[in-house]
Amino acid sequence: AAPMSSPAPPATYARDGHVATITYNRPEKLNAVNGPMREALDEAWTTFREDDEAWVAIVTGAGSAFCAGADLHDGAGATGTWPGSFWEWPTITTFESGMEIWKPTIAAVNGPCIGYGLTAVLACDFVLASDRASFAYPEVGIGVATIVGALRLPERVAMPDALEMLLTGETFDAEHARSIGLAWRIHPHDQLLDEAHALAERLTRGAPLAIRATNEMAHRGRRLPWTDAVRMGETMRRLVGASDDAAEGRTAWAEHRDPEWRGR
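This structure is a prediction, so every number in the text was calculated from the model and none was measured.

*Asks:* Where do I start with helix α6 (residues 192-202) in this structure?
*Replies:* Each α-helix turn comprises 3.6 residues. Residues three or four places apart therefore point the same way. Those residues of α6 not exposed but buried are L192, A196, L199 and A200. For α6, the buried positions fall inside an angular range of 100° around the axis, keeping them on one side. Buried residues belonging to α6 abut β2 (19-24), β3 (56-61), β4 (105-109), β6 (126-130) and β9 (185-187).

Right, dumping it as structure tokens:
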């Protein structure tokens, strides 16, 4: 008898060179998030964060959807689990809820992007949309409040545009998403992943530690008082300036050659 094949994992992590790809992988369920997918996603993002050779991540969906949000038929564990009670353990244990990863991240939105899927997209630095993509926070239509999405969306778009999505629960197409600044660029569906990889490749040309420090300051600095932000930024600049890569950058410049970054 032929050996039984093991089921495909509900989310996958793969790295090619310095570019990692994280894929929602329940295409038969439109990549809706259930407990096993949540565990696989959290493992994938943790692997990316800790993989020294992974400098940029692309996140996308298998099949025709990016992510249909929480699986309403199998929702146990979709938001994640953690030891202890709510009071003893923070809920920031997932990429969507705020796991801090300052390596650049690219969302390649290949189809419907709903609920949790959209919250993950809003956590990414760059949002590339297929011309088949659509975006929605439908939770209010089933009596559920949108929370992390309500925190993230007004940071990306004007408040009335954010509230229109959050409070109507309606679905918006890629062109609308681009017009309000939710999607950065729209690409023909068949070119989406090629464009995401081209962008990722551009993001690997700079020194990875310098890129991460710059990215962190761009995000964190918006929430800090000006003097605190400058003080933090100057500290990080000195730390990065003491790295091997900073020495390599200076040497490569003096020798008129391309630097060879090592991420340390």
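*Asks:* What exactly am I supposed to notice about the packing of aromatic side chains here?
*Replies:* How two aromatic rings sit relative to each other is set out by the distance from centre to centre and by the angle between their planes. Here the structure, examined in full by the defined rule, presents four aromatic pairs. Judged by centre distance (6.2 Å) and plane angle (75°), the rings of W45 and F48 are edge-to-face. Taken together, the residues W45 and F48, both in helix α1 (residues 35-50) and three residues apart, mark about one turn of the helix. An identical accessibility class is assigned to W45 and F48; each is buried. Ring centres of F126 and W184 lie 5.4 Å apart, and the angle between their planes is 50°; on these two criteria the pair is classed as tilted. You can see F126 sitting in strand β6 and its partner W184 sitting in the loop between α5 (174-180) and β9, a full 58 residues away along the chain. Exposure remark for F126: the relative accessible area of 22% places this residue in the partly exposed category. Through pairs of rings, three or more aromatic residues link up here, namely W45, F48 and F95. The ring centre of Y116 lies 5.9 Å from the NZ or CZ of R38, which sits over that ring.

*Asks:* What is the right way to read the sheet that holds strand β5 (residues 112-114) from this model?
*Replies:* Pairing between sheet strands relies on hydrogen bonds along the backbone, with the strands arranged either parallel or antiparallel. Strand order in the open sheet formed by three strands is β5-β7-β8, and the pairing between neighbours is mixed. For this open sheet the edge positions go to β5 and β8 (171-173), each flanked by a neighbour on one side alone. This sheet shows a mean twist of 20° between the axes of neighbouring strands, independent of strand direction. Bridge count for strand β7 (residues 134-136) against β8 is three bridges, and the pairing is antiparallel. Bridge pairing in β8 places F135 opposite F172.

*Asks:* What am I meant to see in the packing of helix α7 (residues 208-220) against helix α8 (residues 226-241) here?
*Replies:* Relative orientation and spacing of two packed helices are given, respectively, by the angle between their axes and the distance between those axes. Two elements in contact, α7 and α8, have axes whose closest approach is 10 Å; the angle formed by their N-to-C orientations is 175°. The angle between α7 and α8 falls in the class roughly antiparallel. Residue-level inspection shows L209, A210, A213, E216, M217 and R220 of α7 in contact with α8, the latter providing A229, M232, G233, M236 and V240. Counted by class, the contact of α7 with α8 contains eight nonpolar, one polar and two charged residues.

Cut-offs used in this document
- Residues numbered from 1 in each chain as written.
- Predicted model: local features only at pLDDT ≥ 70, side-chain atom pairs only at ≥ 80, totals over all residues.
- Heavy atoms only, no water.
- Buried < 20%, exposed > 50% of the residue type's maximum accessible area, 1.4 Å probe, protein only.
- Helix = DSSP H or I, 4+ residues; strand = E, 2+ residues; numbered from the N terminus.
- Arc of directions from axis to C-beta.
- Contact = heavy atoms within 4.5 Å.
- Phe/Tyr/Trp six-rings, centres within 6.5 Å; stacked < 30°, edge-to-face > 60°.
- Lys NZ or Arg CZ within 6 Å of the ring centre and 35° of its normal.
- Pairing = 2+ DSSP bridges.
- Axes fitted to C-alpha atoms, helices over the stretch in contact; angles between N-to-C directions.
- Parallel < 35°, antiparallel > 145°, perpendicular 65-115°, else oblique.
- Nonpolar A, V, L, I, M, F, W, Y, C, P; charged D, E, K, R; others polar.

By themselves these figures say nothing about function.
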